[in-house]
Amino acid sequence: MINTLIALYSWTGGVVMIAIFALVCITLVGILINFLSKGKSKDESNSLNEDNNSEY
């Protein structure tokens, strides 16, 4: 009797929604890491700092 009362719902809808949410989160983190890794290189940032410091 108790086994029939406990299994009144299906877990597949929730599992699918959690899987989609996890996929979106992983994709956004990957895009963020890719964006941060394509930033200015150290040579460009050093030359910009030297130009800014020469004005003072």
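Being a predicted model, the structure only gives us computed values, none of them experimental.

Account for the overall build of the protein chain, with residues named and values stated.
The number of helices and strands found in the protein chain is three helices and zero strands. Reading the protein chain from its N end, one meets helices and strands in the order α-α-α. For the protein chain, the residues scored as buried account for 0% of the 56 residues in total. Total accessible area on the protein chain is roughly 5600 Å²; 69% of this is exposed by carbon and sulfur atoms.

Could you give me a rundown of a nonpolar patch on the surface, with the residues and numbers involved?
Taken together, the side chains of V16, M17, I20, V24, L28 and I31 define a hydrophobic patch exposed on the protein surface, amounting to about 580 Å² of accessible area. On the secondary structure map, I31 appears in helix α2 (residues 12-37).

Parameters at a glance
- Here the residue numbers are simple positions, counted from 1 along each chain's written sequence.
- At least 70 in pLDDT is required for a residue's local features to be given in this predicted model, at least 80 for side-chain atom pairs to be given and counted, and no such filter applies to totals for whole chains, interfaces and linings, which use all residues.
- The basis for every side-chain value is the complete set of heavy atoms in the structure, and neither hydrogens nor water enter the calculation.
- To qualify as a helix, a DSSP run of H or I must reach at least 4 residues; to qualify as a strand, a run of E must reach at least 2; elements of each kind are numbered from the N terminus.
- We call a residue buried when its accessible area falls under 20% of the maximum for its residue type, exposed when it is over 50%, and partly exposed in between, using a 1.4 Å probe and counting protein chains only.
- Computed with a 1.4 Å probe, the accessible areas rest on the Shrake-Rupley method; for each residue, only the protein chains presented here act as cover.
- Grouping into patches uses exposed residues only, defined as over 30% relative accessible area, and leaves out salt-bridged ones; the cut-off is 9 Å for like charges and 5 Å for nonpolar side chains (Val, Leu, Ile, Met, Phe, Trp, Tyr).
- Salt bridges are defined by distance alone: a side-chain nitrogen of Lys or Arg within 4 Å of a carboxyl oxygen of Asp or Glu.

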